[in-house]
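The primary structure of each chain is shown beneath.
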Amino acid sequence: MTAIPKIENEQSIRVLIVDDESSIREVLARILQHAGMRTNSALNGREALFHLLREPFDVVIVDLKMKEMDGFGFIAEAQKIRPWLGIVIFSGNINQAAKDRAKELGIRFALTKTAASSEVIHAVREESRLRQNTQDREIAIYLERIQAESDFLRQLTQSALESPNQRDDWQRICMHLGATLPSDCIGILIAHEDTPLLHYYLRNPVPEETIQAMEQEIRRHYLAIRGRDLPSKLEIEYDGCHLLDAEGSAPGSMCSIPILDGDVMLGSLTMASLKENAYSKPDIVFLYHAANQLAAMAAMFRRIQKIAVYDALTGLYNRGHFMEQLEYVRHISARHGIGIAVGTLDLDKFKAINDEHGHSA
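Residues numbered from 1 in each chain as written. Predicted model: local features only at pLDDT ≥ 70, side-chain atom pairs only at ≥ 80, totals over all residues. Heavy atoms only, no water.

Chemist: Run through the pairing of strand S5 (residues 109–112), naming residues and quoting values.
Modeler: Of the two faces of S5, the one holding Phe109 and Leu111 is buried and the one holding Ala110 and Thr112 is not buried anywhere. Sheet topology note: the strand S4 (residues 86–91)/S5 ladder contains four bridges and is parallel. Residue pairing in the sheet places serine 91 in a bridge with threonine 112 of S5. A crossover connection joins S4 to the parallel S5 through helix H4 (residues 96–104); in handedness this β-α-β unit is right-handed. (Buried < 20%, exposed > 50% of the residue type's maximum accessible area, 1.4 Å probe, protein only. Helix = DSSP H or I, 4+ residues; strand = E, 2+ residues; numbered from the N terminus. Pairing = 2+ DSSP bridges. Right-handed = clockwise from strand over helix to strand, strands pointing away.)

Chemist: Report on the packing of aromatic side chains, specifying residues and quantitative values.
Modeler: Evaluated as defined, the whole model comprises one aromatic pair. Pairing tyrosine 200 with tyrosine 238 gives two aromatic rings, centres 5.6 Å apart and planes at 20°, and the pair type is stacked. With a gap of 38 residues between them, tyrosine 200 in strand S7 (residues 197–202) and tyrosine 238 in strand S9 (residues 235–240) connect regions that are remote in the sequence. Classification of tyrosine 238 by relative accessible area gives partly exposed; the value is 28%. Residue placement shows arginine 101 over the ring face of phenylalanine 72; its charged tip is 5.9 Å from the ring centre. (Phe/Tyr/Trp six-rings, centres within 6.5 Å; stacked < 30°, edge-to-face > 60°. Lys NZ or Arg CZ within 6 Å of the ring centre and 35° of its normal.)

Chemist: Go over helix H10 (residues 350–357) with me, naming the residues and quoting the values.
Modeler: H10 sits mainly on the outside: zero of its eight residues count as buried. A positive backbone phi angle near 95° is found at glycine 358, which sits one or two residues after H10.

Note that every value here comes from positions in space, so none of it alone points to a role or purpose.
As structure tokens, then:
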């Protein structure tokens, strides 16, 4: 790439560079900065999404082949956060399928990594100019919606962080989001290292097919963002209304948003409605920012869950967790009319060992 003259009046163009190769990020940053633009960089898609939630950018330059989350996966999520965002693809191998996919997403510039500096600068300028003509009006609509709800949601999450009962607070948050957006069921995934927690809040009675479709969407979305499958075993909780015994159909509309802390995926927020086309672009933008508000609470909830479920000395499940699971199994057996059995095993000599050597031994 060859450098081009710096243009001072383009200082306001803000560019996010997304590439897992540090050398590419550094070269692009130097070229854009020399042209008078401001840059920031991310080494993967999740970190880039986190930046987009916290900083205003005019244009994103993104590689297509990255570890875990590819470029198109990132673009699909980035357009949820900022529909007005300018996007330039910058990849080592752009085939016809990639060009067709870029066209479907409304992306005009798909450059190879052999492109000259002037081509990169031209693409960024054009994207910035095009978006600037329309984004001011659109941004006002989105920001008004976000501001109207975010203040209340921030207060709600702050009170939740100080509350001793996290599950009740999840329910309050779900109730608020459900009242704000058209939804019949809300799912919050907390991605623990061992057994993730999936908390459903049913605003209205829904058929089992709705829950099954939501879990499939949650798993698909987790794979797209995280780059690996969600564990097959999930801890599932229900609040709100009951499941319908009658047969039904899958939701007409679903929307999943990741809960991120840097490049770490803490979980996801999924909304489902039995109606078709229930969620508008402003709804989805708001959901992304709502999920961002939940990140601190999700991180705290993971820590609290670990303390509450595991014995600090042995790392094994504790008695309290066993009793909770036993109660959960009892409810399931009663609902489906099946019996349960519990086996207990007493290990001899434990009391003597404790008495002689102490509990730490």
